[in-house]
Amino acid sequence: IGVIVGIGTTAIVNRIQADDAQVLSSTALVALPGHTGEGTAQLIRERDTTELRINAEGAPPQQEFREVWLINTDGKQMYSLGVLPTAGTGSYPLPARLANSLEGFNIVDVSIEPYDGNVEHSSNSQVRGTLPG
């Protein structure tokens, strides 16, 4: 009986915690010219954390990797949020500066990056979308 009560309590707590997640905004990710793929990006607030959740469908590059970026509407300022796993799904906590307001960093970009040690954006984007401001 104790095991059943423990499992039931854990399931209820997990359900309550899952319901705490709030979708602040979302956008479709569409392929840029010369590329294929699609997906979604969601800005999620859960408890005191704001994160970007990405689901990008499409073939991952064979000799390169994909990186997730938030780009400012000026097209010049950007934050790298991290590498997108080959499965195409990832969650990325936002930098503290952007946790409460995107401050114009509404463009979600998934780029194809070479293994060259250069931390800057390659200017080769696979999919992109814009979160509502």
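Our structure's up above, just so we're on the same page.
The structure displayed is predicted, hence computed values, not measured ones.

K.L.:
Looking at this structure, I do not really get the pattern of salt bridges. What am I missing?
P.N.:
Close approach of charged atoms lets side chains of opposite charge pair. Evaluated as defined, the whole model comprises 5 salt bridges. When the shortest N-O distance is used, the salt bridge between E46 and R47 registers 3.8 Å. Across the pair R128 and D109 runs a salt bridge, and its minimum N-O distance is 2.7 Å. Of this pair, R128 sits in strand β8 (residues 125-130) while D109 sits in strand β7 (residues 107-113), and the two are 19 residues apart along the sequence. One network of salt bridges, in which partners are shared, links E46, R47, E51 and R53.

K.L.:
Quick question: what am I supposed to make of unusual backbone geometry here?
P.N.:
For residues other than glycine, phi is negative in most cases, and the peptide bonds are mostly trans. At R47, a position not held by glycine, the phi torsion is positive, near 55°. With respect to the helices and strands, R47 occurs in the loop between β2 (38-46) and β3 (49-57).

Here is what the cut-offs are and how they apply
Residues numbered from 1 in each chain as written. Predicted model: local features only at pLDDT ≥ 70, side-chain atom pairs only at ≥ 80, totals over all residues. Heavy atoms only, no water. Salt bridge = Lys/Arg side-chain N within 4 Å of Asp/Glu carboxyl O. Helix = DSSP H or I, 4+ residues; strand = E, 2+ residues; numbered from the N terminus.

These figures capture arrangement, not role.
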